[in-house]
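Coordinate analysis (summary)
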Amino acid sequence: MGYTVFYLSAIVIVPLSMIFFNTIPMGWEPFLHAVTAPRVLASYRLSFSTALFAAVFDAIVGLLTAWVLVRYRFPGKQFLDALVDLPFALPTAVAGICFATIYSPVGWLGQTLIKYNIEIINSPTGIVVALIFIGFPFVVRTIQPVLEEVEQEIEEAAQCLGATRWQTFRKILFPHLFPALLTGSTLAFARGIGEYGSVIFIAGNLPMKTEIAPLMIMSKLDQFDYQGASAVALVLLVISFSMLLLLNAIQEWQQKEYR
Amino acid sequence: MGIELQNITKKFTGYTALDNISLNVASGELVALLGPSGCGKTTLLRIIAGLELPDSGKIILDSKDTTNLPPRKKNVGFVFQHYALFRRLTVFENVAFGLKVLPFRERPSRSAIQDRVEHLLKLVQMDWAIKRYPSQLSGGQRQRVALARALAVNPKVLLLDEPFSALDAKVRQELRRWLRKLHDEIHVTSIFVTHDQEEALELADRIVVINKGRIEQQGTPQEVYDHPANAFVYNFLGNVNVFHGRIKNGKVSLGTHHVDAPDELKYTEEKPSQAFVRPHEIGISRIRSNQADLAGTIREVRLMGGQIGLNLECEGFEHAIDAEIPRDLYLNLQLAKGEKVFVSLNRVRVFTGDYEI
């Protein structure tokens with residue numbers, strides 16, 4: 001217990017509280033001014049909405065992937081399984097460069113998409129694409145163990161009682177997987193808000209349009225506006241933390257019922 | 001609502017799980033599939049339920065061929081060894097599940113579902129737990145809920161896969177008697193799988209003994225126990241002493257001891273044979289009352305409740321003999337470890353042929 005508190009303090013709490021202390025000397029007025037500037041607000045909106053889109057998409061595709069990995073045997077399964085973790089390991093900048101190359105108007109996917117008037121690069125869509133990639137393993141890796149735990153017998157019991165496959169999924173499996181799905185997609189969401197490396201390569205970083213919140217912080221730092229940067233960071237921190245808190249509360253409430 | 005199985009064969013890679021099995025179960029019957037683990041009995045049950053497909057053969061349920069129907073169209077109730085209750089649903093929702101997934105037109109009204117679930121839970125004596133979750137129940141209670149859930153859809157046949165084997169001995173026995181009573185009330189055609197001969201003998205109307213994917217014998221518990229068709233059945237239905245010997249001129253040799261061979265085995269030529277004696281069919285006395293009695297020494301005494309188990313070393317016998325005698329006799333004779341007694345083999349069964357146990 002003592003060690004845990006110490007490490008938690010040293011690694012997490014102390015550095016994060018510096019943001020807090022850096023911001024305090026600013027005073028209330030300049031703080032509000034800094035964090036409610038239209039450009040900053042636009043960046044928050046962009047960060048949160050793209051992260052949300054990506055998280056929802058990841059939830060669906062991640063569930064399917066986890067399903068396939070748990071339930072089916074096929075050649076190359078190990079390979080696919082390893083592939084899932086790649087976004088964890090790859091430097092995000094590398095991912096960003098890859099995306100920028102593929103989706104640019106001369107890249108081999110961008111070329112086709114531009115014909116249908118779909119612009120990936122320099123648009124929020126591009127940010128979503130990058131965030132989907134980054135958040136994907138979170139969903140798969142949280143669902144996989146829960147799905148493995150569901151005995152075949154449970155599904156067989158439902159079938160014998162006359163349930164179709166869809167009914168079995170909707171009424172039995174999905175409620176079972178839901179907490180894990182929620183955790184996974186929230187992690188993906190949280191990661192999406194904080195993601196920097198891959199996004200800046202693809203977003204184009206146009207003020208008010210494709211400028212994400214972490215980039216906002218970077219550009220403030222570039223202008224030696226340290227207090228402004230920590231003010232923006234503080235808001236980001238508070239929102240992220242309260243979301244994770246909320247998630248924990250939801251899970252607690254879910255578990256309480258049947259355990 | 002009888003079941004007719006015709007020539008069911010099922011092969012898995014490397015071995016044959018079921019080898020040409022044919023079986024009829026009459027409407028309202030309670031049949032036990034009895035056999036050692038890996039004999040194919042569970043596979044047979046799963047094939048009837050449609051959870052596995054046979055390689056060949058037919059399953060006629062209620063005079064309709066249901067061989068290739070998926071489980072949800074078969075209308076069978078299946079009770080699993082480990083209950084397989086839906087953990088996220090309450091007891092009520094578990095039992096109501098089969099009714100709630102019915103197509104809209106066949107689905108009973110909410111109040112009808114409520115009534116049916118309450119009725120079923122009363123039947124299995126679990127009505128007090130209607131709002132609980134499975135994790136709040138003991139194993140025996142869960143299995144009862146599972147039974148109510150299986151009965152909710154009015155199944156044509158109830159299939160139980162080792163329903164009591166995950167429970168402890170006392171609960172197992174209680175539930176066994178209770179299930180028999182329940183069956184006498186509702187008369188749903190039932191097949192249960194077990195490897196516990198006591199369970200099969202106590203519970204079933206008819207026992208089907210299965211070994212290595214084949215039916216060895218079927219009949220009422222009495223018939224199967226008293227007239228086992230072969231050495232396997234005899235051995236599987238209870239504890240036995242086995243004597244490997246030879247049969248010749250109407251006599252069977254057991255060690256240096258001889259007994260008369262049964263009429264159908266009065267060969268003149270010599271054949272290998274096996275003689276079986278159940279421990280409770282062995283008599284123990286202090287005085288030699290019969291020329292055929294064996295002289296023996298008690299090597300071990302085991303308390304087994306109402307019975308006392310004795311491990312005896314007898315003259316002319318290679319292996320020790322297990323006997324069971326009533327506690328009263330044990331006390332009367334004032335037996336103890338190391339004492340000399342006379343042993344009579346009251347009932348010997350002889351089978352020929354080499355049979356591996």
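Residues numbered from 1 in each chain as written. Chains lettered and ligands numbered in written order. Predicted model: local features only at pLDDT ≥ 70, side-chain atom pairs only at ≥ 80, totals over all residues.

Remarks on the overall build of chain B
How we decide: Runs of E in the DSSP output that reach at least two residues are strands. Runs of H or I that reach at least four are helices, and both are numbered from the N terminus. Put plainly, a residue is buried at 20 or more neighbouring C-beta atoms within 10 Å of its own, exposed at 12 or fewer, and partly exposed in between, counting only other residues' C-beta atoms, which are placed from the backbone.
When helices and strands are tallied, chain B shows 10 helices and 20 strands. Counting the 357 residues in chain B, one finds 40% classified as buried.

A few points about the overall build of chain A
Heads up, the rule is: C-beta atoms are first placed from the backbone for all residues, and any pair lying within 7 Å is then listed as a contact.
What chain A contains, in helices and strands, is 13 helices and 0 strands. Taken over the C-alpha atoms alone, chain A extends approximately 65 × 55 × 30 Å along its principal axes. Burial analysis of chain A (259 residues in total) assigns 35% to the buried set. Looking at chain A alone, contacts between residues at least 24 apart form 78% of all its contacts between residues at least 6 apart.

Some remarks on the nonpolar core
Side chains of a nonpolar character, in soluble globular proteins, are inclined to be buried together. Put simply, the rule reads: By definition, a nonpolar core groups buried Ala, Val, Leu, Ile, Met, Phe, Trp, Tyr and Cys residues that are joined through C-beta atoms within 7 Å.
Counting 157 residues, the largest nonpolar core has A:Ala130, A:Ile202, A:Val232, B:Ala32, B:Ile48, B:Ala148 and B:Leu159 as its most contacted members. Of all the elements, helix H8 (residues 124-149) of chain A adds the most residues to this core, at 13 residues. Residues in contact with B:Ala32, not counting those within four places in the same chain, are B:Phe192, B:Thr194, B:Ala200, B:Leu203, B:Ala204, B:Ile207 and B:Val208.

Examining the sheet that holds strand E3 (residues 30-34) of chain B
Residue and element names in this part refer to chain B. This is how the line gets drawn: Two strands qualify as a pair provided that DSSP identifies no fewer than 2 bridges between them. Note on definitions: angles span 0 to 180 degrees between N-to-C directions of axes, and those axes are lines fitted to C-alpha atoms, for helices only across the stretch in contact.
Judged by pairing direction, the sheet is mixed, and its 6 strands sit side by side in the order E6-E7-E8-E3-E9-E10 without closing on themselves. Bordering the open sheet on either side are strand E6 (76-79) and strand E10 (214-219), each of which pairs with just one other strand. On average, adjacent strands in this sheet sit at an angle of 20 degrees to one another, irrespective of strand direction. Of the strand pairs in this sheet, E6 and strand E7 (residues 157-161) are connected by 4 bridges, and their pairing is parallel. Among the inter-strand pairings, Gly 77 is bridged to a residue of E7, identified as Leu 158.

Notes on the domain arrangement of chain B
Residues and elements named next belong to chain B. Heads up, the condition is: Residue ranges assigned to the domains are those given by an automatic or database domain assignment. The classification used treats Ala, Val, Leu, Ile, Met, Phe, Trp, Tyr, Cys and Pro as nonpolar, Asp, Glu, Lys and Arg as charged, and all other residues, Gly among them, as polar.
According to the domain assignment, chain B consists of domain 1 (3-236) and domain 2 (241-352). Put simply, the middle of domain 1 and the middle of domain 2, counted by C-alpha atoms, are 39 Å apart. Of the residues assigned to the side of domain 1 that touches domain 2, the class counts are 2 nonpolar, 2 polar and no charged.

Some words on the sheet that holds strand E5 (residues 64-65) of chain B
Residue and element names in this part refer to chain B. Ordered in space as E2-E1-E4-E5, the 4 strands form an open sheet in which the pairing is antiparallel. Of all strands in the sheet, those bounded by a partner on one side alone are strand E2 (15-25) and E5. Direction of pairing for strand E1 (residues 3-12) relative to E2: antiparallel, over a ladder of 7 bridges. Paired with Lys 10 across the two strands is Leu 18, which belongs to E2. Strands E1, E2 and strand E4 (56-61) of the sheet are contacted by helix H1 (residues 41-49), whose axis makes an angle of about 120 degrees with E1.

Some thoughts on the interface of chain B and chain A
Each partner contributes residues to the interface: chain B has 21 residues there, and chain A has 17 residues. Put simply, the parts of the chain that give the side of chain B that touches chain A at least two residues each are helix H2 (71-74), E6 and helix H3 (91-100) of chain B. Take the side of chain B that touches chain A: its biggest share by element is 3 residues, from E6(B). Split into classes, the residues belonging to the side of chain B that touches chain A amount to 13 nonpolar, 4 polar and 4 charged.

A look at unusual backbone geometry
Residues and elements named next belong to chain B. Positioned with a positive phi, Asn 20 is a non-glycine residue whose angle comes to about 55 degrees. One can find Asn 20 in strand E2. Of note in the backbone geometry, Asp 62 takes a positive phi value of approximately 55 degrees without being a glycine. When you line up the elements, Asp 62 lands in the loop between E4 and E5. Note on Asp 62: 14 C-beta atoms within 10 Å, which makes it partly exposed.

Remarks on the pairing of strand E15 (residues 282-285) of chain B
Residue and element names in this part refer to chain B. In E15, alternate side chains face the same way, and those of Ile 282 and Ile 284 are buried while those of Gly 283 and Ser 285 on the opposite face are not. Where E15 lies against strand E19 (residues 340-345), 4 bridges are found, and the strand directions are antiparallel. By the bridge assignment, Ile 284 is partnered in E19 with Val 343.

Overview of the confidence of the model for chain B
Residues shown with low pLDDT carry predicted positions that ought not to be read at fine detail. To be explicit about the condition: As a per-residue quantity, pLDDT reports the predictor's confidence and falls between 0 and 100.
Chain-level pLDDT for chain B is 86 on average; 97% of the residues reach the 70-or-more range. Scored as a whole, the predicted complex attains pTM 0.77, and scored at its interfaces, ipTM 0.79.

As for the pairing of E7(B)
Residue and element names in this part refer to chain B. Here is the rule we go by: Look down the strands so they point away from you; if the path from the first strand over the helix to the second goes clockwise, the crossover is right-handed.
Most of E7 sits out of view: 5 of its 5 residues are buried. Here E7 pairs with strand E8 (residues 189-194) via 5 bridges, running parallel. Each residue of the ladder has a partner; that of Leu 160, found in E8, is Phe 192. Considered for its hand, the β-α-β crossover made up of E7, helix H6 (residues 169-186) and E8 is right-handed.

Structural notes on H3(B)
Along H3(B), 7 of the 10 residues are buried, which leaves the element largely enclosed by surrounding structure. For H3(B), every residue scored as buried is listed here: B:Val91, B:Asn94, B:Val95, B:Ala96, B:Phe97, B:Gly98 and B:Leu99.

Digging into helix H1 (residues 2-23) of chain A
The following threshold applies: Every helix has an expected span of 1.5 Å times one less than the residues it contains.
Over its 22 residues, H1(A) extends 30 Å from the first C-alpha to the last, a length consistent with the 32 Å expected when each residue adds 1.5 Å. Among the 22 residues in H1(A), 1 count as buried, and that is only a small part of the element.

Focus: the environment of B:Arg349
Residue and element names in this part refer to chain B. Checked against the element boundaries, Arg 349 lands in strand E20 (residues 349-352). Taking the number of C-beta atoms within 10 Å as the measure of exposure, Arg 349 has 17 and is therefore partly exposed. On a C-alpha basis, the gap between Arg 349 and Pro 228 in space is 9.4 Å, while along the polypeptide they are 121 residues apart. Arg 349 has contacts with Tyr 234, Ala 275 and Phe 276, leaving out every residue within four places of it along the chain.

Observations concerning the packing of helix H6 (residues 92-103) of chain A against H8(A)
The description of two packed helices rests on the angle between their axes and on the distance between the axes. Residue and element names in this part refer to chain A. Put simply, the test is: Note that the term roughly parallel is reserved for angles under 35 degrees, roughly antiparallel for angles over 145, roughly perpendicular for angles of 65 to 115, and oblique for everything else. Two helices cross in a left-handed way if the nearer one is turned anticlockwise from the farther one by less than a right angle. They cross in a right-handed way if the turn is clockwise.
One can describe the packing of H6 onto H8 by two numbers: an axis separation of 11 Å at closest approach and a directional angle of 135 degrees. Here H6 lies oblique to H8, going by the angle between them. In terms of crossing hand, the pair formed by H6 and H8 is right-handed. Touching Thr 92, Ala 95, Gly 96, Phe 99 and Tyr 103 of H6 are Gly 126, Val 129, Ala 130, Phe 133 and Ile 134, all from H8.

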